[in-house]
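# Summary of structural features
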Amino acid sequence: MKYFLSLCTTGVIMGVIYALMALGLTLIFSILRVINFAHGEFYMLGGYASYFILSTFTGLHPLLAVPLAGLIAALIGLAFEIAFLRPMHQGRIERPDEYAILITFGLSFFLMNLALAVFGPYPHRPPSFFQGAVRLGFVNVSADRLTASILSLALLTLLLLIINKTWIGIALQAVSQNKDAAAVVGINPLRMNTLAFGLGVGLAATAGALLAPSFLIVPDVGAVPSIRSYVIIVLGGMGSIQGSILGGLLIGLVESLGAGYFPDPSRALNYKTAFGLVIFALVLLFRPRGFFGRKEV
Amino acid sequence: MIEIKDLHVGYYKDLDILRGVSLKAEEAKITTVLGANGVGKSTLLKAIYGFLKPRAGQILLQGQNITGTPPHRLIELGVSYIPQHSSVFPHLSVENNLRLGAWTFRRDKARIRRKLEENYQRFPMLRDRRNDDAGLLSGGMQRMVEVGRTLMTDPKLILVDEPTAGLAKMLSAEVYRMLTDLRDKEGLTIILVDQEIRQALKIADYVYVLELGRNRVDGPTEEFTDLKKVLWD
């Protein structure tokens, strides 16, 4: 029982951070109707940005690098959206669906190779937020992961408040539910697209910066988190905010319990991601819309 | 109120749907635009509302040239638009749907409160269901939400595209009554595009008939009592 509970604790701690990254992806999808195939690379970018900031300004507390990393990624996202995705939404691209896939894949390769050129293939690790571990019930959690999880939870709460209570949040929901009607009431959909993309990739980078002290950063570090995010948003229902949070927690739990109870402990960690994919396959088989998936309007 | 002069507009280059349409809508009157499917009635409204950029021609609102002005600017000038397909936000509450009508003056809280209250007095049914998702409402009530949302901005001119498409007959009567009320009680100018020719003729003051992107005939409603004349003349 103790073992079970400690696995659950670890699962929830990771799940919250997964949810943060997936929320960014689902936000972009629900507003732009584009799958951002460079989402994992923004996660990677967040990690490198925080590493770069902390190795340049050595006096800075490592926690301060997190919002800065998110901000840098968000600005890159805004610029990318305006330059490459906006023409598509203005109807200036002939085959928008194929274009969206290719351009975000292109961005993904570009960012990965840029990181390789700038930082090299060797792993980097920014300094810890806090040293040591914290005892939570029966389980020791590294202070870094606990910090990352608490901050993710705070950020998720803040985002939910913004999306449900502020004008900008309600306008984002309006665009995701009926783009034409949003234009009728005078909301500029192009601006909402840019905002959603910036915010979405900013969240991925924030997740990356939060986890960077716990896991090493290499140029292709974003691959697994991005696959995980796709799984989460399909699980939760494409475009659903609650869905991505619930999906994140579920994948966190499944990975932790799956690895914890796998008969061969020497291989358990390698299969971690696979347990999430098993759930993914089951959802696709039995409830392809996901938990909160809505029918298209 | 609004005057359209020789408008040419289309969705693709070199393929105009409207090829020289002219129209005048008088203040506090319902002007209806009729014609077969595909003659460009909806296109006309989209062009007035700034969704499509005219290739040639002029749109004058009280003498001011508004050709190609984007929707959010037109709202400020007192123009609003109720599209043909349901335009409620299905997973937002009725109240949030109405509030979004006030997007262009979202900082003016007192005005929003006042306009919301006016809407609840106009449509008491909406007050009772203000916390429900708009998508759960009946088709007629969704139209009510759309009209209410439109009225949040104090429009002077409303462009209405086939308001009863897909509605049951009884609800249709309700919607047409809503439109005449807007004209008679609130003095609004309405341009109504419709397939329900009989109904449109019952409430309209002036009629335009389009044919393949051009004006065919127009005149006061009295001259169109003979339906055959409208349809095949």
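Look up a bit, the structure's there.
Let us look at the structure shown here. (Residues numbered from 1 in each chain as written. Chains lettered and ligands numbered in written order. Predicted model: local features only at pLDDT ≥ 70, side-chain atom pairs only at ≥ 80, totals over all residues. Heavy atoms only, no water.)

All right, on to the overall build of chain A then. Regarding its fold elements, chain A presents twelve helices and two strands. Its helices and strands taken in sequence order, chain A reads α-α-α-α-β-β-α-α-α-α-α-α-α-α from the N to the C terminus. Compactness check: chain A gives a C-alpha radius of gyration of 19 Å against a globular reference of 19 Å for 297 residues, within 12% of the reference. When its C-alpha atoms are laid out on the principal axes, chain A stretches across 55 × 50 × 35 Å. (Helix = DSSP H or I, 4+ residues; strand = E, 2+ residues; numbered from the N terminus. Rg over C-alpha atoms; globule rule 2.2 N^0.38 Å.)

Attention now moves to the interface of chain A and chain B. Taken residue by residue, the interface counts 19 residues in chain A and 24 residues in chain B. Summed over both sides, the interface between chain A and chain B buries roughly 1,700 Å², with carbon and sulfur atoms accounting for 73% of that surface. Broken down residue by residue, the surface that chain A buries against chain B is led by Trp167, Val184 and Val185 of chain A, which jointly contribute 41%. Scanning the region where chain A abuts chain B turns up zero salt bridges. Taken together, the connections running from chain A to chain B amount to six residue pairs in polar contact (both at pLDDT 80 or more). Looking at the side of chain A that touches chain B element by element, the count peaks at seven residues for helix H6 (residues 167-177) of chain A. Each residue belonging to the side of chain A that touches chain B can be placed in one class, and the counts come to 13 nonpolar, four polar and two charged. (Contact = heavy atoms within 4.5 Å. Buried area = accessible area lost by both parts, 1.4 Å probe. Salt bridge = Lys/Arg side-chain N within 4 Å of Asp/Glu carboxyl O. Polar contact = N/O pair within 3.5 Å; in protein donor to acceptor, adjacent residues only side chain to side chain. Nonpolar A, V, L, I, M, F, W, Y, C, P; charged D, E, K, R; others polar.)

Here we come to unusual backbone geometry. Negative phi characterises most residues that are not glycine, and trans characterises most peptide bonds. Residue and element names in this part refer to chain B. At alanine 28, a position not held by glycine, the phi torsion is positive, near 55°. Mapped onto the elements, alanine 28 comes out in the loop between strand S2 (18-25) and strand S3 (30-34). You can call alanine 28 partly exposed: its relative accessible area is 29%. Positive phi outside glycine occurs at aspartate 154, with the angle close to 55°. Relative to the helices and strands, aspartate 154 is located in the loop between helix H6 (139-151) and strand S7 (157-161). (Buried < 20%, exposed > 50% of the residue type's maximum accessible area, 1.4 Å probe, protein only.)

Before going further, it helps to examine H6 of chain B. Residue and element names in this part refer to chain B. An ideal rise of 1.5 Å per residue puts 18 Å on 13 residues; H6 measures up with 19 Å between its terminal C-alpha atoms. Counting buried residues along H6, twelve of its 13 residues qualify, which places the element largely inside the surrounding structure. Looking only at H6, the buried set comprises Gly140, Met141, Gln142, Arg143, Met144, Val145, Glu146, Val147, Gly148, Arg149, Thr150 and Leu151. (Expected span 1.5 Å × (residues − 1).)

Quick look at the pairing of strand S1 (residues 2-9) of chain B now. Residues and elements named next belong to chain B. The pairing of S1 with S2 spans six bridges and is classified as antiparallel. Within the sheet, the bridge partner assigned to histidine 8 lies in S2 and is arginine 19. In terms of strand pairing, S1 meets strand S4 (residues 56-61) through five bridges, oriented antiparallel. Within S4, the residue paired with isoleucine 4 across the bridge is isoleucine 59. (Pairing = 2+ DSSP bridges.)

To continue, consider the pattern of salt bridges. All names here are of chain B. A full pass over the atoms with the stated rule returns 20 salt bridges over all chains. Residues glutamate 95 and arginine 130 are paired through a salt bridge, measuring 3.9 Å at the closest nitrogen-oxygen approach. Placement of the pair is glutamate 95 in helix H3 (residues 94-100) and arginine 130 in the loop between helix H5 (124-128) and H6, with a sequence separation of 35 residues. Judged by its relative accessible area of 33%, arginine 130 is partly exposed. Among the salt bridges present, the one from arginine 127 reaches glutamate 117, with a minimum N-O distance of 2.9 Å. Of this pair, arginine 127 sits in helix H5 while glutamate 117 sits in helix H4 (residues 109-122), and the two are ten residues apart along the sequence. Classification of arginine 127 as partly exposed rests on a relative accessible area of 29%.

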